[in-house]
Every structure is written in structure tokens, then in C-alpha cells.
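Residues per chain, in single letters:
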Amino acid sequence: MSSKVAVLECPHYDEDKIKKTILKGFEFIGRPDVKDKRILLKPNLLMPAEPHYAVTTHPAIVEAVGEILLEFGAKEVLIGDSPGNALSNIDNLYRRTGMLSLAEKKGFKLVNFSREGIIEVENPNGVVPTIPLSKVVRSVEYIVNLPKLKTHNFTLITCAIKNIFGTIPGFNKSKFHSIAPGPKEFSRLLVEIFNAVRPSLNIVDAIEGMEGDGPSGGTPRKFNRILMSYDGVAIDAVGGWMLGYKPDEIYTTKIAGDMGLGVPSLDDIEIFGSKLEELFGADIKKVLTIHNVLEKVSSPMLSFLSKRLVKLIKIYPEINDDKCIKCEICLRSCPKRAISRVEHKMKIDYRKCISCYCCHELCPQRAIVIKRNKLAEILWLARD
Ligand code: SF4
Ligand code: SF4
């Protein structure tokens, strides 16, 4: 089996250029059959942030994709996502991410995943028995996954598979972090959700993504590319490669490949528009988590590490009181209720913390930083 991924140069968020680029991509991967279909565009709208922060999928990409699909005969274009903070004001989210003005300009319909209700989808032998998807997902005939290419402090990367987590409305997302606290089991759950949703088409905003402490606290990074594929696993393999990872280093890509949901091997992916060797993100600032420190340490070294020593590796969220505005988003988003407000300060109870980094991901002030102790840094440097 092989899959096609278009990796096309596009240096700016210029709508005409983006449209031409995407049309060129369809010549390679094949034109989508969207005639008379209702389409859901699923961008990454992690939090209310303007497009220049490079946290969310740029509206120019969403606009171009919606326009093209209407020109191809689609009946209606919907835009929807459920942000990380379950209590987020959805109108504010759509306004700040540029989706509101885009929808008004182009006649696309904005949908509120939480308001439309939930449908429980059977998940036999899965991490959870049923997956609570937004009903919108089952009400459309075609889903276009529009991720942003970024590093991620828990799953290492966020691209096609991780982006589909947003089809789970409200507090269920944080509940899932509690049910599957480790990155491996959480990644399996993400793949199961991806399997339940099965987007028809994936188009990645990699014009400007993120490196470092992504998916929200890192640094914007220009990749100058748009990626397109009908295979979400193959597109994640290429996206991960652009962020400096081999496909088998990313749990979601590996697990999805093992489940037969797509092609994870770069040898079996036909790439159009760029050369694979030129795409490797050798100089990307990767994330550093407790889990990937342990994964990366070579086995002889691991045998040296007693359980006690492992416990001495610390990679933890820390709140910067000077930046904190006490909005309590972290408190409400923490799956383990490890954050509380004590005498006008936000405090983390590290005995409860499971290092999911949701608080870091969702803090609107970037007031939460990921700290590493010396041992974590040494192990990271010794990983190769
Ligand atoms: S740390 Fe961030 S999310 Fe938490 S209360 Fe302060 S500003 Fe809000
Ligand atoms: S304090 Fe932050 S990292 Fe720890 S469990 Fe809560 S949200 Fe996750």
C-alpha cells in the first residue's frame, strides 16, 4: 500500500496564492468528490488567539479550502471546533481566530460543537468503551481536517490525528486526560477518536507553525508549506519529519499505522512538490517532557536508573505570578484538580499533577512555563 502527500511551497498567507497551491495539490492527490455534500471544515482552534500567534489554523487557509470546495459543487460549508478550555466563549474564539469575519464574508456557517449535542460512538476494545463525538460530525457528508503543524508538549507533535481531538466537545477532553494519563495510552485514545471520525481529506497549515514548547507556548516557525493528503497517517508521518521526528517516534503515527488507518512509512509515501530529505527538521526546537526523556534514554543507561532515580527527573509546570491574571482557566482545565487559588495566587499541587501540561497549553497569558531540573536536562542531552 502507498499514499500520496502533496507538500507544496507557499510562503505567505495570500489567499490567491493559497488557492492556486491547493488546486495544484488536488492535481496530484486527486480532486475530492464533494458534489452536493455538506462539508465540515475542522481547523485547529485551540484557544482564542489571533492568527499571528501561529497557535490556530490561519483563516486564509480555511477560506481558500471552503471556496474551492464550493466551486467543486459542495452544498454548504460549516466551520467548527471545540477549544481546549471547555468554558471558553465560543463567539470570542471564532472572533479572535478570524473565523467569524471569514464566515460572514463567505457565507460559511459557524457551528458550536457543544450546543449541537453529543453522540456516543461505540469503541470496542478501546481505551474508553464509547467516544462522545459532537453530533455535527455525523450530520455532514464530508470532513476536511485542517490542522496546524506544531510541536506538542505531550504528544510531541500536533498535526492531523491530534487535531481531531477537537471533535470531542466540552469537559470530555479533560476527562480523557485523566483516563489516559500517559502519552502512549493518550495517543491510542487519540487514534481511536481519529478512527471514529475518519476525516475525508487533510490539509495542513504549515506556512507558519510552531516549534519549542508547543502547542501554544512555543515560537512561531516558518515552514512555508501546505500539506495535502487523503491519508491522515501519511500526512502526520511527513509533518512529524518536518518537526525532526521519524514516524515511529510519534505514538499517534505508529499506533495509527499498526491499526491500518494509513501509511506511516516514509518509504511508502509518494511525495509531490518537495524533496523528503530537504524537509527534515534537523534544527527544530523540540519539546522536552518527562515521557520523551525516558523514551529517549538508551537501554543500557535505563538499566542504571533505579525507580528512585527516575522519580528524581522533574519536568513540571510552574506559574509565573507576575504574568498570571487569575483567570482560572488552568484551574478549570486541570484534569486532576491539581490547581487551586490560594490567597490571590494560583498554586499547583505537584502531588496530584500528572504532567499532562493542559494548563501550560491553555494559559492565555503564557504565565505557565515548563521547568526541567538538571537531571532531566542531562538525560535529554545524553539521549543519542
Ligand atoms: S496561570 Fe494562566 S490560566 Fe492560570 S490563572 Fe494565571 S493566567 Fe489564568
Ligand atoms: S497541573 Fe497542569 S500539568 Fe499538572 S495535571 Fe494539572 S493541567 Fe496537567
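Once a new chain begins, its residue numbering starts again from 1 and follows that chain's sequence as written. Whichever chain is written first becomes A and whichever ligand is written first becomes 1, with later ones labelled in order. Reporting in this predicted model follows two pLDDT cut-offs: at least 70 for local features of residues, and 80 or more for side-chain atom pairs to be given and counted; totals over whole chains, interfaces and linings ignore these cut-offs and use all residues. Calculated side-chain values reflect all of the structure's heavy atoms, with hydrogen atoms and water omitted.

**So, helix H2 (residues 59-71)**
Applicable threshold: A run of DSSP states H or I qualifies as a helix once it reaches four residues; a run of E qualifies as a strand once it reaches two. Both are numbered from the N-terminal end. Expected helix span is computed as 1.5 Å times (number of residues minus one). Relative accessible area decides the class of each residue, using a 1.4 Å probe on protein chains only: under 20% of the type maximum gives buried, over 50% gives exposed, and in between gives partly exposed.
Taking 1.5 Å of rise per residue, 13 residues should cover 18 Å, and H2 covers 18 Å from first to last C-alpha, within 8% of that figure. Here H2 has its buried residues at Pro 59, Ala 60, Ile 61, Val 62, Glu 63, Ala 64, Val 65, Gly 66, Glu 67, Ile 68 and Leu 69. Looking one or two places after H2, you find Gly 73, whose phi comes out positive at around 105°.

**Description of the pattern of salt bridges**
The condition is simple: A side-chain nitrogen of Lys or Arg and a carboxyl oxygen of Asp or Glu constitute a salt bridge if their distance falls within 4 Å.
Across all of its chains, the model carries 18 salt bridges by this definition. Glu 71 is paired through a salt bridge with Lys 19; the nearest N and O atoms lie 2.8 Å apart. Placement of Glu 71 in helix H2 and of Lys 19 in helix H1 (residues 15-29) is noted, with a sequence separation of 52 residues between them. With a shortest N-O distance of 3.0 Å, Asp 283 and Arg 221 are connected by a salt bridge. Pair noted here: Asp 283 is in the loop between helix H11 (276-279) and helix H12 (290-296) and Arg 221 is in strand S11 (residues 219-229), with a separation of 62 residues, a long-range link. Accessibility expressed as a relative area gives 56% for Asp 283, which makes it exposed. One network of salt bridges, with partners in common, ties together Lys 19, Glu 63, Glu 67, Glu 71, Lys 105 and Lys 106.

**Details of the packing of aromatic side chains**
Cut-off, in case you're wondering: Pairing of aromatic rings covers Phe, Tyr and Trp, the last counted by its six-membered ring, and requires centre-to-centre distances within 6.5 Å; plane angles under 30 degrees mean stacked, over 60 mean edge-to-face, and any other angle means tilted. Here, over-ring charges are defined by two tests on the NZ atom of lysine or the CZ atom of arginine: distance to the ring centre within 6 Å, and angle to the ring normal within 35 degrees.
Following the criterion strictly, the structure yields six aromatic pairs and no others. Considering the side-chain rings of Tyr 316 and Tyr 350, the 5.8 Å spacing of their centres and the 85° angle between planes classify their relative orientation as edge-to-face. Placement of Tyr 316 in strand S13 (residues 315-319) and of Tyr 350 in the loop between strand S15 (345-348) and helix H16 (358-362) is noted, with a sequence separation of 34 residues between them. You can call Tyr 350 partly exposed: its relative accessible area is 41%. An aromatic cluster of at least three residues, connected via ring pairs, comprises Phe 154, Phe 165 and Phe 186. The lysine or arginine in question, Arg 31, covers the ring of Phe 72, its NZ or CZ lying 3.9 Å from the ring centre. Positioned over the ring face of Tyr 245 is Lys 286, at 4.4 Å from the centre of the ring.

**Topic: the packing of helix H8 (residues 183-197) against helix H10 (residues 251-258)**
Put simply, the test is: Comment: axis = line fitted to C-alpha atoms, over the contacting stretch for helices; angle = value between 0 and 180 degrees taken between N-to-C directions. Angle categories: roughly parallel below 35 degrees, roughly antiparallel above 145, roughly perpendicular from 65 to 115, and oblique for all the rest. Here a crossing is called left-handed whenever its near helix is offset anticlockwise from the far helix by less than a right angle, and right-handed whenever the offset is clockwise. We call two residues contacting when some pair of their heavy atoms lies within 4.5 Å.
For the pair H8 and H10, interaxial distance at closest approach is 9 Å and the crossing angle is 55°. One element, H8, and the other, H10, form an angle in the oblique class. Relative to H10, H8 is oriented so that their crossing is right-handed. Contact residues: H8 offers Pro 183, Lys 184, Ser 187, Arg 188, Leu 190 and Val 191, while H10 offers Tyr 251, Thr 252, Ile 255 and Ala 256.

**So, the packing of H1 against H2**
When two helices pack together, their arrangement is captured by the angle between the axes and the distance separating the axes. The test is simple: Ten residue types, Ala, Val, Leu, Ile, Met, Phe, Trp, Tyr, Cys and Pro, are classed as nonpolar, four, Asp, Glu, Lys and Arg, as charged, and the remainder, Gly among them, as polar.
Relative to each other, H1 and H2 sit at 55°, their axes nearing to 9 Å. With respect to each other, H1 and H2 are oriented oblique. Helix-helix and strand crossings are classified by hand; for H1 and H2 the assignment is right-handed. Counted together, Glu 15, Ile 18, Lys 19, Ile 22, Leu 23 and Phe 26 of H1 and Ala 60, Ile 61, Glu 63, Ala 64, Val 65, Glu 67, Ile 68 and Glu 71 of H2 form the full contact between these two elements. Residues belonging to the contact of H1 with H2 are distributed by class as follows: nine nonpolar, no polar and five charged.

**So, H10**
Burial analysis of H10 places six of its eight residues in the buried class, the great majority of the element. Within H10 the residues assigned to the buried category are Tyr 251, Thr 252, Thr 253, Ile 255, Ala 256 and Gly 257. Positioned one or two residues after H10, Gly 260 has a phi angle of 75°, which is positive.

**Points about unusual backbone geometry**
Here the residue pair Gly 214 and Pro 215 is connected by a cis peptide bond, since its omega of 15° sits within 30 degrees of zero. With respect to the helices, strands and loops of the structure, Pro 215 is situated in the loop between strand S10 (201-211) and S11. At Leu 156, a position not held by glycine, the phi torsion is positive, near 70°. Mapped onto the secondary structure, Leu 156 falls in strand S9 (residues 156-158). A positive phi angle, close to 50°, is found at Arg 366, a residue other than glycine.

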